[in-house]
Amino acid sequence: MGSPPGGSLARTEIITLSSPVSSIIFDTADNNLVIKHWGAHIAIAGSGLQAATTKSVANSGFDQPLPSGVLREHSRGFLGHPTISGHRNGQAWSTYFSLTKIDHSERDLAAHFADASALLKLVLSYSLNEFGILKISAELTNSGTDSYNLEQFTYWLPLPDRASEVMDFTGRWSHERHPQRSSIRYGVTSREIREGRTGHDYTIAQLALAGSTEFAHGEVWGLSVAWSGNSIHHVERLATGDISIGAGELLEPGEIILAPGATHTIPSVIANYSNEGLDGLSHNYYRWLRARPNHPTNIRPRPLTLNVWEAIEFHHDSEKIRAIADVAAEVGVERFVLDDGWFNLRRHDRAGLGDWVVDKSVWPDGLAPIIKYINDKGMEFGLWFEGEMINPDSDLYRAHPEWILHEAGRLPPLWRNQQVLDITHPNAYEHVLRQTDAILSEYNISYIKWDHNRVLVDAGHLGQAAVHNQTAAIYRLFAELKTRHPKLEIESCASGGARIDLGVIDYVDRFWTSDNNDALERQMIQRWTGIVIPPELCGTHIGPRPGNQTRRVTDVSFRAITALFGHAGIEWDITGATAEELIVIKNWISLYKRKRGLLHSGKAIRVDHPDSNSFIYGVVAQDRSEALFAIAARDMSESTFPAMARIPGLDPLRIYRVKVITDAGPGKRMQNSEPGWMQIAEGITMSGMELDNIGLRPPILPPENAILIEITSTE
Ligand code: DGJ
């Protein structure tokens, strides 16, 4: 056998892409592309990197050092998880790609590969932005004369040996994004989603950490697939010692078959690195997302939203809805959303999905009168859809029973009495687009909440796995709706927070974070969702009393303070609120309007605190002129006097006025007097240095209570 086929780029070159926070360094040795470093910013380099990182030859090993290239191929001696696997009807099962061309600038690199035996071409693109976010994308072309079956494509990045722990997020309905952290062991730590949507159990980012990393300090490497279908997130540690992190779309057998000459765009991944802890990682994500011209806060402030779902569910009684709207307008609500139940036959969850026409039995004159009523009260109107779904009891199903994602003539088991509409079918897609567009064209609707309440099972189209195409179709549909209705905002909901990811984020303006509005649960869900997603994109509503999902009763001020740190709203029949509660809600809404500029642009801080029963967190303005913090007692403090609350993130040398504010209600206490600083009505002054290193003595709060601290520069 001669030398491996393909390739013309023999030159060895080191290429560095750098942002102020991170660098990625490539080596193009042996017609291969090897990543020598991904992590801290490397500002200056000697000439010894290749030699410094080249391994020796070990006993019982290859006779020469074999660097693992970005494509992790068996043919080059790589024995871990490969980047690409596929075949041509059983042939061409092992690739040997050669690097044929590199284009690069300061922060972008496109590597062109070809495999002259497997007859494939691949362009792998790395794009590092000024905020340290690295986007990796790939396009695979079949240059052969028969079909190529792509089984799996996973992007990988190397991790340094000091990355010793892995953290990811798990969850279920009403309990999304709870962290799990463990040592990186030999083998593969894997998170996979096979439910055809992002999922409650989706990790949102797979993180690798140096062992001591916390919120405020330490190194962390994150990777997320930017995609809302099936997914894979891996961390792999090989017996060689090599550690790496990988992510990609999870493909079902035969899902992607490239016809001769076809090019397939592989869903991208988003990588992020920080040596300033988990908060530093969030800071990078937030800065990147907030710099997008279409980021909602670059267009307008986020309106205080009331959604009627928990208040009325399917009981669409116009009088009741008007009564809620009356109170909503009085307390300062800015957007009023009519949820599930407005369309044909939808008097319960057993019928109607698929028929996006107004149900005349509940809205005899259409939606115009209620929208006018709401608009006249100074509020915008929003409406719920679940366009990817169909109930067997619907006109659409009766007309087109074949428009269901299914396999082999059998139907998937029902879930909430519904099936998944096959919007990869052009006519089904057109039906949803036409009916949704007709409603949006007829009425003054600024916002839609788009739900997705079941998992995809046996999701086939004409005998072929179809999750990939279904996901691409919903992205297309969202984009088309926005083209036709440029001011439209879309909220991504999926039984709460089951479609929150860095793929759909390009098409939507808000996420429904969870169906669980219980404030105690929300403390966790919001904290960890917020690692990746900035608060202005997370719907955070004051829920009812008791909470629908937990039956827990918490004080209105705890619910209000919890809901403040997001895109705030109400999910509660406020016609049943007490006069006292209404005063709290009204003051809280004014506070939200006063502080949303700060909340939706500042740096998020979660304080590393010795007592895990308390969460201390806040937002500091980018210019450090002001901040808003909460101390939330999730349970009894461990000690009689709760541990001092450090307030980091401010300018160490500036003097700030620090005072407790009760705009979100007085809350409850368990003590004979307030701590000293809280007894001084006008607040106290402290330097940023004092706040960070000494902090404030918290009050003795009963479990499930919180206070708010306003911090303003005195200069
Ligand atoms: C699930 C969502 O998460 C809820 O907020 C609500 O919209 C219901 N679906 C309606 O069916």
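You'll find the structure just up there.
These remarks concern the structure in this document. Here the structure is a predicted model, which is why all the values come from computation and not from measurement.

Calculation criteria
- Within each chain, residue numbers correspond to sequence positions counted from 1 in written order.
- pLDDT decides what is reported in this predicted model: residues at 70 or higher carry local features, side-chain atom pairs at 80 or more are listed and counted, and totals for whole chains, interfaces and linings draw on all residues regardless.
- As a rule here, side-chain values cover all heavy atoms of the structure and leave hydrogens and water aside.
- Side-chain rings of Phe, Tyr and Trp, where Trp is taken by its six-membered ring, are said to pair if the distance between their centres is within 6.5 Å; with planes under 30 degrees apart they count as stacked, over 60 as edge-to-face, and otherwise as tilted.
- A run of H or I in DSSP counts as a helix once it spans at least four residues, and a run of E counts as a strand once it spans at least two, with each numbered from the N terminus.
- Only protein chains enter the accessibility calculation, which uses a 1.4 Å probe. A residue is then buried if its area is under 20% of the maximum for its type, exposed if over 50%, and partly exposed in between.
- In this description, a nonpolar core means a group of buried Ala, Val, Leu, Ile, Met, Phe, Trp, Tyr and Cys residues linked to one another through side-chain atoms lying within 4.5 Å.
- In this description, contact between two residues means that some pair of their heavy atoms is separated by no more than 4.5 Å.
- Any two strands with at least two DSSP-identified bridges between them are counted as paired.
- Lines fitted to C-alpha atoms define the axes, with helix axes restricted to the stretch in contact, and inter-axis angles between N-to-C directions lie between 0 and 180 degrees.
- Residues are counted as near a molecule or strand when any one of their heavy atoms sits within 4 Å of it.
- Pairs of N or O atoms are called polar contacts if they sit within 3.5 Å, as long as, within protein, a hydrogen donor faces a hydrogen acceptor (for residues adjacent in sequence, only side-chain-to-side-chain pairs).
- Per-residue and other accessible areas were derived by the Shrake-Rupley procedure at a 1.4 Å probe size, with only the shown protein chains allowed to occlude residues.
- Any angle that falls under 35 degrees is termed roughly parallel, while one over 145 is termed roughly antiparallel, one within 65 to 115 roughly perpendicular, and all others oblique.
- Throughout, a crossing is termed right-handed when the near helix is turned clockwise from the far one, and left-handed when it is turned anticlockwise from it by less than a right angle.
- Only Asp, Glu, Lys and Arg are considered charged in this grouping, and only Ala, Val, Leu, Ile, Met, Phe, Trp, Tyr, Cys and Pro are considered nonpolar; every other residue, Gly among them, is considered polar.

**Examining the packing of aromatic side chains**
- Applying the stated criterion across every chain yields a total of 19 aromatic pairs.
- Summarising the aromatic geometry, the rings of Trp342 and Phe385 are spaced 5.3 Å apart at their centres and angled 75° between planes, so their arrangement reads as edge-to-face. Of this pair, Trp342 sits in the loop between β21 (335-338) and α5 (368-376) while Phe385 sits in strand β22 (residues 380-385); the two residues are 43 residues apart in sequence, bridging distant segments of the chain.
- Residue class for Trp342 comes out buried when judged on its relative accessible area of 0%.
- Residue classification places Phe385 among the buried positions, given a relative accessible area of 0%.

**Re the nonpolar core**
- Judged by nonpolar contacts, the single largest core of 182 residues is most densely connected at Trp38, Tyr126, Trp342 and Trp588.
- No other element matches helix α11 (residues 579-599), which puts eight residues into this core.
- Once residues lying within four places of it in the same chain are set aside, the contact partners of Trp38 are Ser23, Ile24, Leu134, Leu157, Pro158, Leu159, Trp221, Gly222, Ile245, Ala271, Asn272 and Tyr273.
- Counting residues in hydrophobic clusters, the runner-up holds 23 residues, among them Ile616, Ala633, Ala645 and Ile647.

**Details of the sheet that holds strand β1 (residues 14-18)**
- With antiparallel pairing, the three strands of this open sheet are ordered in space as β1-β2-β3. Each end of this open sheet is capped by a strand with a single partner; those strands are β1 and β3 (34-40). This sheet shows a mean twist of 15° between the axes of neighbouring strands, independent of strand direction.
- Sheet analysis places strand β2 (residues 22-27) next to β3, joined by six bridges and oriented antiparallel. Residue pairing across strands places Ser22 opposite Ala40, the latter belonging to β3.

**Observations concerning the pairing of strand β9 (residues 148-153)**
- Within β9, five of the six residues are buried, which leaves it mostly tucked inside the rest of the structure.
- Inspection of the sheet shows strand β4 (residues 84-87) paired to β9 by four bridges, in the antiparallel sense. What sits directly across from Gly86, in β9, is Leu150.
- Note that β9 and strand β18 (residues 256-258) share three bridges and pair antiparallel. Each bridged residue has a counterpart across the sheet, and for Tyr148 the counterpart in β18 is Leu258.

**So, the site of the ligand**
- In the vicinity of the ligand, 13 residues are found, and the nearest of them are Asp339, Asp340, Lys449, Asp451 and Asp515.
- A distance of 2.6 Å separates an oxygen atom of the ligand from a polar atom in the side chain of Asp339.
- A distance of 2.7 Å separates an oxygen atom of the ligand from a polar side-chain atom of Lys449.
- When the free accessible area of the ligand is taken as 290 Å², the share hidden by the protein chains comes to 97%.

**Observations regarding the packing of helix α10 (residues 556-564) against α11**
- Remark: α10 packs on α11, axes separated minimally by 10 Å, with the N-to-C direction vectors making an angle of 20°. As the angle between them shows, α10 and α11 are arranged roughly parallel. Considering how the two elements wind past one another, α10 and α11 form a crossing that is right-handed. Of the residues in α11, those in contact with Val556, Ala560, Ala563 and Leu564 of α10 are Glu581, Val584, Trp588, Leu591, Tyr592 and Leu599.
- Across the contact of α10 with α11, the residue classes tally to nine nonpolar, no polar and one charged.

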